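Secondary and tertiary structure notes
This is what each chain is made of:
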Amino acid sequence: SSRTTSLLSQLEKISLDSVGGEADNARYVTSKILHLVQSQEKTRKEMTSKGSTGIEVMLSTLEVKPFDLCGYRYIASFHFVIGLSIISGGRRASVLVTKGGTQILLQLLLTASKDCPPNEELMVLLHTLLAKIGPKDKKIGMKARINGALNISLNLVKQNLQNQRVLLPCLQVLRVYSTNSVNAVSLGKNGVVELLFKIIGPFSKKNTSLMKVALDTLAALLKSKTNARRAVDRGYVQVLLTIYVDWHQHDSRHRYMLIRKGVLQCIKNVTNIKLGRKAFIDANGMKILYNISQECLAVRTLDPLVNTSSLIMRKCFPKNRLPLPTIKSAFHFQLPVIPASGPVAQLYNLPPDVDDVVDESDDNDDVETESEIETENDDDKDQHFKNDDIETDIDKLKPRQELGRPIEELKMYEQFFPELSVNFQECDLVSKEPKPFIPDANLSGPIVVPTAGED
């Protein structure tokens, strides 16, 4: 009966109408809905309240006639601006995800990208909306890869390195996609790591929000060993340390702590591999982080930077086996016998700064792509089918105890354990001793125990 309900019903009729010429009506209805959503919080709550069909109507309109909506770009723009107003809260974003909005938006993104050139306004709205609902959809990375949306966002970044209006929402979406390890490897092979190092740079008060998003995206990508090795091979560890020093020197009022922490997070992820730790030591990273941490100790708000720097330094410090016959140890442990040759003598003859602990973390190549794909496929199957191979009977899950000897050989021990073979009920009958009172579980009512002197 409300104005919003009336407009939504009109929009639903337009989406179901197979006759052409509904552009004018669609323009009128969507503009009215847009005005109500932007101006009234009551309308936004009404469209996302329990039992409301507002989200379903808009999504079904996009799903039924995606090509027409791309033809009428203003209609799609209105819809996405409406969506941006609606999902201002986390719960409202979850509503849009549960209604299947992610899949529909990705399909529309693929359709809109086929226009030459693509509509910039539409692309900005699409990526902004996907960036907002992405954290609420655990499968958005897999859905984007299947729909081919990864390359669409990547190409937009490559084509708009100087256009922050388009670049920022695209990087926000890539940050969401990069949480999936398969996507991170795929994006790394397409040159995203090198691309992000063109965006991040030394201290500048301009585009700090873009710098923060780019660092977060880079940190997510560097969790992949493949991307971390690529960054080490291109000398980006030294670049990250230089950027961190520059921001520390110029950020005297500590207004950009999140950016500095983002740089440290990238260094932390790169040093997860042995090559990254070696590059960090070679770039004098230990001394750089130690000196900067000493300067940050006096400011309590910079404790996150000190903690992250401590983790990096502890991880990269050379590891040695005990005993340590060098100055690096405060104690000396002397072996009773030190052979003249062999592996122990070789360890004692190593220089003090050599890491003599075998690190096999990087021996295997990065095989996370195939394993992650298999995991995702298994997760999809679990959503639709119950795994019949899982045993649910507790009795069958209990381990069976098997005797170590046959029963005939164990009978010789019966005399030592009479309680295992004697029938105590027969013993009670022979001795005519009264049996203890055992209440019958089938009896109903209270149990009355006779007192002394009563029969």
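Attention in this report is confined to the structure presented alongside it. Please read these numbers as outputs of a predicted model, since none were measured by experiment.

Focus on the overall build of the protein
When you go through the protein residue by residue, the secondary structure sums to 26 helices and zero strands. Expressed as a percentage of its 455 residues, the buried residues of the protein come to 40%. Carbon and sulfur atoms provide 54% of the accessible area of the protein, an area that totals close to 27,700 Å².

Notes on the pattern of salt bridges
Throughout the structure, instances matching the rule amount to nine salt bridges. Residues K143 and D137 are paired through a salt bridge, measuring 3.0 Å at the closest nitrogen-oxygen approach. D137 gets classed as buried once you look at its relative accessible area, which sits at 8%. Note that R175 and D216 form a salt bridge whose closest N and O atoms lie 3.4 Å from each other. Here the residue R175 occupies a position in helix 12 (residues 164–177), and D216 occupies one in helix 15 (residues 208–221), the gap between them amounting to 41 residues. For R175, a relative accessible area of 29% corresponds to the partly exposed category.

With respect to the layout of surface pockets
Looking at the second largest pocket, its volume works out to about 300 Å³. Forming the walls of the second largest pocket are 16 residues, and the residues nearest its centre are K198, I199, K206, N207 and L210. When contributions to the lining of the second largest pocket are tallied by element, the ones reaching two or more residues are helix 12, helix 14 (192–199) and helix 15. Counting residues per element, the lining of the second largest pocket draws most heavily on helix 15, which supplies three residues. Classifying every residue of the lining of the second largest pocket by side-chain character gives seven nonpolar, seven polar and two charged.

Side note on the packing of helix 14 against helix 17 (residues 236–250)
In the contact formed by helix 14 and helix 17, the axes pass within 12 Å of each other and the chain directions differ by 25°. The angle between helix 14 and helix 17 falls in the class roughly parallel. Relative to helix 17, helix 14 is oriented so that their crossing is left-handed. Residue-level contacts link V193, E194 and F197 of helix 14 to Y236, V239 and L240 of helix 17.

With respect to the packing of aromatic side chains
Inspection of every chain in the model, using the stated rule, returns four aromatic pairs. When the ring of F203 is compared with that of W247, the centres are 4.9 Å apart and the planes differ by 75°; the resulting orientation is edge-to-face. Of this pair, F203 sits in the loop between helix 14 and helix 15 while W247 sits in helix 17; the two residues are 44 residues apart in sequence, bridging distant segments of the chain. When the ring of F203 is compared with that of Y256, the centres are 5.9 Å apart and the planes differ by 70°; the resulting orientation is edge-to-face. Here Y256 lies in the loop between helix 17 and helix 18 (257–270) and F203 lies in the loop between helix 14 and helix 15, a separation of 53 residues in the sequence. When sorted by exposure, F203 lands in the same class as Y256, which is buried.

Here is what the cut-offs are and how they apply
Residues numbered from 1 in each chain as written. Predicted model: local features only at pLDDT ≥ 70, side-chain atom pairs only at ≥ 80, totals over all residues. Heavy atoms only, no water. Helix = DSSP H or I, 4+ residues; strand = E, 2+ residues; numbered from the N terminus. Buried < 20%, exposed > 50% of the residue type's maximum accessible area, 1.4 Å probe, protein only. Areas by Shrake-Rupley, 256 points an atom, 1.4 Å probe, with all protein chains shown as cover. Salt bridge = Lys/Arg side-chain N within 4 Å of Asp/Glu carboxyl O. 1 Å grid on protein atoms, 1.4 Å probe; cavity = no way out; pocket = protein on both sides within 12 Å on 5 of 7 lines; lining within 4 Å. Points joined across faces, edges and corners; volume = space filled by probe spheres on them. Nonpolar A, V, L, I, M, F, W, Y, C, P; charged D, E, K, R; others polar. Axes fitted to C-alpha atoms, helices over the stretch in contact; angles between N-to-C directions. Parallel < 35°, antiparallel > 145°, perpendicular 65-115°, else oblique. Left-handed = near helix turned anticlockwise from the far one by under 90°. Contact = heavy atoms within 4.5 Å. Phe/Tyr/Trp six-rings, centres within 6.5 Å; stacked < 30°, edge-to-face > 60°.

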